[in-house]
Amino acid sequence: MKIGYPCINLRIGCRSSSAFRLRSYSPSLLREKVAGNLGCLMKTLEFNVPHRIFFFRISSDLVPFASHPVCRVNWRREFEKEFEEIGAFIMKYRIRISMHPDQFTLINSVDPGVFQRSVAELLYHADVLDAMGLGASAKIQVHVGGVYGERAKSIARFIRRFHTLDERIRRRLAIENDDRNYPAADCLAISRETGLPVICDVFHHRLNNRGERIRDILFLIARTWRRSDGVMMVDYSSQKRGGRRGAHAYSIDLGDFRKFLALSRPLDFDLMLEIKDKERSALSAVAMARADVRFNLRS
DNA sequence: GGAAGTCAAGTCTCG
DNA sequence: CGAGACTTGACTTCC
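Residues numbered from 1 in each chain as written. Chains lettered and ligands numbered in written order. Predicted model: local features only at pLDDT ≥ 70, side-chain atom pairs only at ≥ 80, totals over all residues. Heavy atoms only, no water.

K.L.:
Tell me about the pairing of strand β2 (residues 55–58), and please be specific about residues and values.
P.N.:
By the alternation rule, side chains of β2 split into Phe 55 and Arg 57 and Phe 56 and Ile 58, which are all buried. Sheet topology places strand β1 (residues 3–6) next to β2; 3 bridges connect them, and they run parallel. Of the residues in β2, the one forming a bridge with Tyr 5 is Phe 56. Handedness of the crossover joining β1 and β2 through helix α1 (residues 27–48): right-handed. Both β2 and strand β3 (residues 96–99) contribute to a ladder of 4 bridges, which runs parallel. The residue bridging Arg 57 from the neighbouring strand is Ser 98, located in β3. (Buried < 20%, exposed > 50% of the residue type's maximum accessible area, 1.4 Å probe, protein only. Helix = DSSP H or I, 4+ residues; strand = E, 2+ residues; numbered from the N terminus. Pairing = 2+ DSSP bridges. Right-handed = clockwise from strand over helix to strand, strands pointing away.)

What follows is the structure in structure tokens.
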């Protein structure tokens, strides 16, 4: 098991998701931001390795406005060397990588324009991972999308659209259960039609399920991951105390985390901690898992 | 330097 | 019908 956190490290003094307003766009500002973001990404990964954090989600803002028509800079070629260096570092230390396009990326939208923009956004994500030379186990995780009042039709539309996607997207795609629209059971059904691996979001499953126990659903989902997809990915977080239902906790609840690890044995997976305090919770999770011989944390 | 106003994109829920 | 939420406040301007 590898443990990771998403996008931002709060203690190293830089962010690899630094962006700007569309109004401020200029090729030189874009180049400046990409250079800074790539430098910070490297710094973040260099922080993670000695702290035994071997899973990381790369921010979608790494190249701001990359899929927007305003962006005419060939960033992939201009920063080829930097992308390759980061990729080499990732492969050297066998760091697991994921990306998670934001809520505007909707493969199953009823609006063809939304779908078209989503394809461009997915191609951008694939470009980033391709530029780093990473294999198909570096995943792009998306939700199934909207329901539009017709669940079955919207699922069918997802499947139909999936088959039209570029292979560079399809090989990296994974679908994640969400907390309102599509529970894990729907993702499993889509997986049967598409071969897509499913990412179990444990917190979402607790909020949105069809009565399955976490342990049972994890074992079903594990079978959707093929060798080329790499080890199963799982997202974990817990409810913010006193917060809105579905709000992510500020810091990891180690008691709950220990229980989750125990109930998921002996499955192996890479675990993304979607917790507000980022690397801080990842560090305490690593410490906890290392201290317990039952969990085969990579060290 | 700090506060206030605003920000590419979609969908759903709540008040 | 508008605001807020979503994996996440951060960029920009004004004072």
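K.L.:
If you had to explain the pattern of salt bridges to someone new, which residues and values would you point to?
P.N.:
Oppositely charged side chains can pair when the atoms bearing their charge come close. Inspection of the entire model under this criterion finds 21 salt bridges. For the salt bridge of Arg 31 with Glu 78, the shortest nitrogen-to-oxygen distance reads 2.7 Å. Here Glu 78 lies in helix α2 (residues 75–78) and Arg 31 lies in helix α1, a separation of 47 residues in the sequence. On the accessibility criterion, Arg 31 (33% relative accessible area) is partly exposed. Notably, a salt bridge pairs Asp 186 with Arg 210, separated by 3.0 Å at the nearest N-O pair. (Salt bridge = Lys/Arg side-chain N within 4 Å of Asp/Glu carboxyl O.)

K.L.:
I'd like a description of the environment of Ser 26, backed by residues and values.
P.N.:
With respect to the helices and strands, Ser 26 occurs in the loop between β1 and α1. A residue is classified by how much of its surface remains accessible, and Ser 26, at 22% relative accessible area, is partly exposed. C-alpha separation for the pair Ser 26 and Ile 90, spaced 64 residues apart in sequence, amounts to 30 Å. Among the polar contacts made by the side chain of Ser 26, one reaches the main-chain amide nitrogen of Leu 29 at a distance of 3.0 Å. (Polar contact = N/O pair within 3.5 Å; in protein donor to acceptor, adjacent residues only side chain to side chain.)

K.L.:
Give me the protein's contact with DNA strand B: which residues, what numbers.
P.N.:
Residues in contact with DNA strand B amount to 19 residues; listed here are only the nearest, Arg 21, Leu 22, Ser 109, Val 147 and Tyr 148. Sugar and phosphate atoms form 43% of the subset of DNA strand B atoms that lie within 4 Å of the protein. Between Ser 109 and DNA strand B, the recorded distance is 2.9 Å, taken from a side-chain N or O atom to a phosphate oxygen. Note that a phosphate oxygen of DNA strand B is positioned 2.7 Å from one of the backbone N or O atoms of Val 147. Each residue belonging to the surface near DNA strand B can be placed in one class, and the counts come to 7 nonpolar, 6 polar and 6 charged. (Near = heavy atom within 4 Å. Nonpolar A, V, L, I, M, F, W, Y, C, P; charged D, E, K, R; others polar.)

K.L.:
So what about the protein's contact with DNA strand C? Which residues, and what values?
P.N.:
The environment of DNA strand C is made up of 15 residues, and the closest members are Arg 15, Arg 21, Ser 24, Asp 102 and Arg 244. Restricting the count to atoms of DNA strand C within 4 Å of the protein gives a sugar and phosphate share of 67%. Within the side chain of Ser 24, an N or O atom sits 2.6 Å from a phosphate oxygen of DNA strand C. Side-chain polar atom of Lys 276 to a phosphate oxygen of DNA strand C: 3.0 Å apart, as the coordinates give it.

K.L.:
Can you break down the packing of helix α5 (residues 151–162) against helix α7 (residues 184–194) residue by residue, with the values?
P.N.:
Between α5 and α7, the shortest axis-to-axis distance is 10 Å and the interhelical angle comes to 35°. For the crossing formed where α5 meets α7, the hand is right-handed. In this structure, α5 contributes Arg 151, Ile 155, Phe 158, Ile 159 and Phe 162 to the contact, and α7 contributes Asp 186, Ile 190, Glu 193 and Thr 194. Residues that form the contact of α5 with α7 fall into these classes: 5 nonpolar, 1 polar and 3 charged. (Axes fitted to C-alpha atoms, helices over the stretch in contact; angles between N-to-C directions. Left-handed = near helix turned anticlockwise from the far one by under 90°. Contact = heavy atoms within 4.5 Å.)

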